[in-house]
Amino acid sequence: MTEQVDITLMEYEENLDKQFNRLIDELMRIRVGRANPKLIENIKVDYYGTMTPINQTGNIMVQDARMLVVSPWDASTVKNIRTAIEGANLGVSVSDDGKIIRIGFPMLTEERRKEYSKDARKLLEEAKIAMRNARRDCLETFKTMKKNSEISEDELSSLEKEVQKTLDGFTARADTACEKKVAEIMEV
């Protein structure tokens, strides 16, 4: 097989890996009743006139199962950070003592757990769609190569099977990650 085939397969796998990692990152942001810094780290704060993610304005620590503590590097930004967290509408209680910000996470209701589970499955479906689109693009490239006589019919058939097998592996991993997250969400 040609070098172009290898490059195309490599790009395809990188694309699938990127989609899988994006799914994992998004799943980490779904609340499960426990404090997790990922839930707030990308909230934007007005930090000296620049909208900056919270994780770049101070340290975020887990104090206990339901409490995060944000220790800003500059105490004068406490008010802005607190306002940004409250504005994110996460359903958390926010308090500060002028130096640090405490974020309390209440217990999730059954209704909220089901809603978060639906969100997780929606993220999974979006990731699968992106992965299938990557497969389609990869196969289009191979079909064009076949049309230009760069690869044979047998090679095309073999590549189609390889591409599908790779996709199946990534979707299985994505399914497993989503079901694990749903189980975590539904755990009381």
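The coordinates are above.
Since the model is a prediction, treat every value here as computed from it, not as a measurement.

The rules behind each value
- Residues numbered from 1 in each chain as written.
- Predicted model: local features only at pLDDT ≥ 70, side-chain atom pairs only at ≥ 80, totals over all residues.
- Heavy atoms only, no water.
- Helix = DSSP H or I, 4+ residues; strand = E, 2+ residues; numbered from the N terminus.
- Contact = heavy atoms within 4.5 Å.
- 1 Å grid on protein atoms, 1.4 Å probe; cavity = no way out; pocket = protein on both sides within 12 Å on 5 of 7 lines; lining within 4 Å.
- Points joined across faces, edges and corners; volume = space filled by probe spheres on them.
- Nonpolar A, V, L, I, M, F, W, Y, C, P; charged D, E, K, R; others polar.
- Pairing = 2+ DSSP bridges.
- Axes fitted to C-alpha atoms, helices over the stretch in contact; angles between N-to-C directions.

Engineer: So what exactly am I meant to see when it comes to the environment of Ile 151 here?
Structural biologist: With respect to the element layout, Ile 151 can be found in the loop between helix H3 (110-147) and helix H4 (153-186). Considered as a pair, Ile 151 and Thr 2 are 149 residues apart in the sequence and their alpha carbons are 8.0 Å apart. Beyond its immediate sequence surroundings of up to four residues, Ile 151 is in contact with Val 5, Phe 142, Met 145, Lys 146, Leu 156 and Leu 159.

Engineer: Sorry, what's going on with the layout of surface pockets here?
Structural biologist: Vacant regions in the atomic arrangement are exposed by a probe of water-molecule size rolled over the atoms. Quantified by volume, the largest pocket comes out at close to 180 Å³. As for the largest pocket, its lining consists of 13 residues, of which Ile 24, Leu 27, Met 28, Lys 181 and Glu 184 are closest to the centre. Of all the secondary structure elements, the ones that give two or more residues to the lining of the largest pocket are helix H1 (3-28) and H4. A per-class count over the lining of the largest pocket returns seven nonpolar, one polar and five charged.

Engineer: Would you take a moment to explain the sheet that holds strand E4 (residues 67-72) for this structure?
Structural biologist: By definition, the strands of a sheet pair up through backbone hydrogen bonds, in either a parallel or an antiparallel sense. Taken together, four strands build an open sheet; the order of strands is E3-E4-E6-E5 and the sheet is antiparallel. Only two strands of the sheet have a single neighbouring strand rather than two, namely strand E3 (58-64) and strand E5 (93-96). Between one strand and the next, the sheet's axes are offset by a mean angle of 20°, whatever the strand orientation. Both E4 and strand E6 (residues 101-104) contribute to a ladder of four bridges, which runs antiparallel. Bridge pairing in E6 links Leu 68 to Ile 103.

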